[in-house]
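The primary structure of each chain is shown beneath.
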Amino acid sequence: NCCTEWKNVYKRTAVCVNKEPCIGKQHHKTGAKWDFDEVTIFAQVNAFIQRCRELTEICIGRLQFVCSSPLVENGAINNASIPKFGGTSGPQIMKSLSGIEQTYTSHVEQL
């Protein structure tokens, strides 16, 4: 992603700056190096990357329930069919899935 690439460009640039005695036509007389605290520099970028990962996880989780959620198609609500589970445990499985979806939806709404 672009944030990770930006960090990589910074690191490559820091290596080059620390190796080169000259920058352009000016001689680097002080011998100063790039010795910055990367944790401080990248704190906000890392926080943004983490928020993006969390949002992706929420979206992926939401997709798990899309088959049972009402879908809007051409302005009309279309209830997608939920897979049918047979056998004596079928109704219990359906009830469990519905409960999981309701709990998940409740948590997403709190976000």
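Parameters at a glance
Residues numbered from 1 in each chain as written. Predicted model: local features only at pLDDT ≥ 70, side-chain atom pairs only at ≥ 80, totals over all residues. Heavy atoms only, no water. Helix = DSSP H or I, 4+ residues; strand = E, 2+ residues; numbered from the N terminus. Buried < 20%, exposed > 50% of the residue type's maximum accessible area, 1.4 Å probe, protein only. Contact = heavy atoms within 4.5 Å. Areas by Shrake-Rupley, 256 points an atom, 1.4 Å probe, with all protein chains shown as cover. pLDDT = per-residue confidence, 0-100. Axes fitted to C-alpha atoms, helices over the stretch in contact; angles between N-to-C directions. Parallel < 35°, antiparallel > 145°, perpendicular 65-115°, else oblique. Left-handed = near helix turned anticlockwise from the far one by under 90°. Phe/Tyr/Trp six-rings, centres within 6.5 Å; stacked < 30°, edge-to-face > 60°. Patch = residues over 30% accessible without salt bridge, like charges linked within 9 Å, V, L, I, M, F, W, Y side chains within 5 Å. Salt bridge = Lys/Arg side-chain N within 4 Å of Asp/Glu carboxyl O.

Thoughts on the overall build of the protein chain
For step 1, the next point in the chain: When helices and strands are tallied, the protein chain shows 4 helices and 4 strands.
For step 2, the next point in the chain: In the protein chain, buried positions account for 12% of the 111 residues.
For step 3, the next point in the chain: Sequence-distant contacts in the protein chain: of pairs separated by 6 or more residues, those separated by 24 or more amount to 51%.
For step 4, the next point in the chain: When the accessible surface of the protein chain is totalled, it reaches about 9200 Å², and 60% of it is carbon and sulfur.

Re the confidence of the model for the protein chain
For step 1, the next point in the chain: Mean pLDDT over the protein chain works out to 75, with 71% of the residues at or above the 70 mark.
For step 2, the next point in the chain: Averaged pLDDT values over the elements of the protein chain bottom out at 47 in strand 4 (residues 76-79) and peak at 88 in helix 2 (residues 38-41).
For step 3, the next point in the chain: Residue range residues 75-79 is modelled with pLDDT below 50. Its contacts to residues more than four positions away, or to other chains, number 8 contacts.

Remarks on the packing of helix 1 (residues 2-19) against helix 3 (residues 43-63)
For step 1, the next point in the chain: The N-to-C vectors of helix 1 and helix 3 enclose an angle of 155°; their axes lie 10 Å apart at closest approach. Taken together, the axes of helix 1 and helix 3 lie roughly antiparallel to each other. The interaxial crossing formed by helix 1 with helix 3 has left-handed handedness. Along its contact with helix 1, which presents Cys 3, Thr 4, Trp 6 and Lys 7, the element helix 3 presents Val 45, Asn 46, Phe 48 and Ile 49.

Concerning the packing of aromatic side chains
For step 1, the next point in the chain: Inspection of the entire model under this criterion finds 2 aromatic pairs.
For step 2, the next point in the chain: Centre to centre, the rings of Trp 6 and Phe 42 are 5.4 Å apart; their planes meet at 85°, and the pair counts as edge-to-face. Remark: Phe 42 occurs in the loop between helix 2 and helix 3 and Trp 6 occurs in helix 1; sequence separation between them is 36 residues.
For step 3, the next point in the chain: A residue is classified by how much of its surface remains accessible, and Phe 42, at 2% relative accessible area, is buried.

A look at a nonpolar patch on the surface
For step 1, the next point in the chain: Residues Trp 6, Trp 34, Phe 36 and Ile 41 make up a contiguous nonpolar surface patch of roughly 400 Å² in combined accessible area.
For step 2, the next point in the chain: As for its position among the elements, Trp 34 is in the loop between strand 2 (26-27) and helix 2.
For step 3, the next point in the chain: For Trp 34, a relative accessible area of 33% gives the class partly exposed.

Overview of the pattern of salt bridges
For step 1, the next point in the chain: According to the stated counting rule, one finds 2 salt bridges in the structure shown.
For step 2, the next point in the chain: The closest approach of N and O atoms between Glu 5 and Arg 12, which form a salt bridge, is 3.4 Å.
For step 3, the next point in the chain: Classification of Glu 5 by relative accessible area gives partly exposed; the value is 40%.
For step 4, the next point in the chain: Given a relative accessible area of 46%, Arg 12 falls into the partly exposed group.
For step 5, the next point in the chain: Of the charged contacts in the structure, one is a salt bridge between Lys 11 and Glu 38, with a shortest N-O distance of 3.9 Å.

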